Structure formats: structure tokens, C-alpha cells
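So the chains spell out like this:
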Amino acid sequence: MTDSYIKIIGLCGRSGSGKGYVSKIFASFGIPSVDTDKIYGEIVSMKDSPCLKELYREFGGDIITEEGTLDKKALSAIVFSDDKRLQKLNSITHKYILAETEKRIEELKGNGAKAVIIDAPVLFESGFHRLCDLCVCVTCGTALSVKRITQRDGLDEKSAEKRLSSQLSEKELRALCDYEIVNDDIEDPISQVRDFIKCRL
């Protein structure tokens, strides 16, 4: 622990918005990020982790691979057709992700970082926004999001649209956030990040 202050910036965006790319732009300006998706992946890849044990108790042995890690496809088949089960999954995983996120922020602060990005697709749904001094959304428009998702993940348009329909809309994100970065292949996100750092940090 250190007494130095670190500004915490929540970065969110709908699938296909290019949030990861914008996070890399922040990194190029010397602002590191904590990727909550990666933390989740690490937690459920550790055999006998407390998170994995709790998921096993809730969802059963079918979600565990022969290697003792999480079978994400099996879990997805259970939760994405049942909102209550999905909420239960989130209530279990978010607390472990949050604890690890806070730990990594403290490590970055101890190493002298003055600001850090929390890269979280579900920043508000998870409650992670409560950690943040500022929240930034990345937007690009629904049509471009669908195009990017189909190209990146190999989904058809209908599946991509269904994924987006389960997420907060860009209008909702704009209302919740302090700042918007447009990443629509027309606006320059690099200059927008530069302006944000100049004005807000």
C-alpha cells in the first residue's frame, strides 16, 4: 500500500466498439490498464480456485473440464438461456474479479502509476464503476459493431445483433459516462484520447 493517489478511469463499450484498441492507445500514452476479461480468464483457468469451486457448487460438474478448469461452452449453454442463472454467474464471478482488480490497481499505484484504466465490458452492470473517478465509453454505431463482431468472431449478423441486444445501448452508456470516444473509422480515437488526457488528467 502507498499513500500516493491514482486516478481510476473506467473504460466500457459494447461488443465490437474497439474498446481493447482504445485501451492500447491509453497504454501508448503511459496509462496502464487492468483488463477484467483477462482476469476472469485467469481465475477460471486455475485449478481449485475459490471462484471455480463456487461455480462448481452452483452449476455442477459438467462445467469442469477433465483438466480441472472451466468449460466455458458448457457454462454458456446453461446461463445464456436463463437470465436468473446468468445473474447468479455474475454475482459469483464479479466479486473475485473485483478483488483481483483492486489488488492490481494497488500494485500499479505502488509502482508509481498516476492513472489506470479499468477495461470492463460490463462496467456498470458489475458495479466496477464505483471504483472509478471517471467513466469513458467507446462507441462506433450498431451497424459497425455488427460488422466487426461477424468478422472477428465468425458469427452471422443475427447472432451478433442478439449479443448486442443483451448489452446496454450506446445511448445508455453516453448517459452514464463522463466522456465518449468515437471509434467509427471516421473519427480519430488517438487524438480523442490525447484530448481526454490533456483535459481530464
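Bear in mind that the values here come from a model prediction, so they are computed numbers and not experimental data.

## Notes on the state of the cysteines
Counted under the stated rule, the structure contains zero disulfides. The thiol of Cys-12 is unpaired, and the distance to the nearest cysteine sulfur, on Cys-177, comes to 3.7 Å. The exposure class of Cys-12 is buried, given its relative accessible area of 1%.

## Let's talk about the packing of helix H4 (residues 72-79) against helix H5 (residues 83-110)
Here H4 crosses H5 at 130 degrees, and the two axes come no closer than 7 Å. The orientation of H4 relative to H5 falls into the category oblique. In this structure, H4 uses Leu-75, Ile-78 and Val-79 to contact H5, whose residues at the interface are Asp-83, Arg-85, Leu-86 and Leu-89. When the residues that make up the contact of H4 with H5 are grouped by side-chain class, the tally is five nonpolar, no polar and two charged.

## Structural notes on the nonpolar core
Ranked by size, the top nonpolar core spans 33 residues in total, and within it Leu-55, Phe-59, Leu-70, Leu-75 and Leu-123 carry the most contacts. Contributions of two or more residues to this core are made by strand S1 (7-13), helix H2 (36-45), helix H3 (50-59), H4, H5, strand S3 (115-119) and strand S4 (134-139). For Phe-59, the residues in contact, after removing those within four places along its chain, are Leu-75, Ile-78, Val-79, Arg-85, Lys-88, Leu-89 and Ile-92. Ranked by size, the runner-up nonpolar core spans 16 residues in total, among them Ile-9, Leu-11, Ile-31 and Phe-196.

## Quick look at helix H1 (residues 19-28)
Regarding H1, the residues found buried are Lys-19, Val-22, Ser-23, Ile-25 and Phe-26. Down the axis of H1, the buried set is contained in an arc of 155 degrees. They therefore lie on one face. Looking at H1, the residues exposed on the side facing more than 90 degrees away from the buried face are Lys-24 and Ser-28. Looking at the buried side of H1, the elements it contacts are S1, strand S2 (33-35), S3, S4, strand S5 (179-182) and helix H9 (189-200). Count one or two residues on from H1 and you reach Gly-30, which has phi positive near 90 degrees.

Conventions used here
Residues numbered from 1 in each chain as written. Predicted model: local features only at pLDDT ≥ 70, side-chain atom pairs only at ≥ 80, totals over all residues. Heavy atoms only, no water. Disulfide = S-S within 2.5 Å. Buried < 20%, exposed > 50% of the residue type's maximum accessible area, 1.4 Å probe, protein only. Axes fitted to C-alpha atoms, helices over the stretch in contact; angles between N-to-C directions. Helix = DSSP H or I, 4+ residues; strand = E, 2+ residues; numbered from the N terminus. Parallel < 35°, antiparallel > 145°, perpendicular 65-115°, else oblique. Contact = heavy atoms within 4.5 Å. Nonpolar A, V, L, I, M, F, W, Y, C, P; charged D, E, K, R; others polar. Core = buried A, V, L, I, M, F, W, Y, C linked by side-chain atoms within 4.5 Å. Arc of directions from axis to C-beta.

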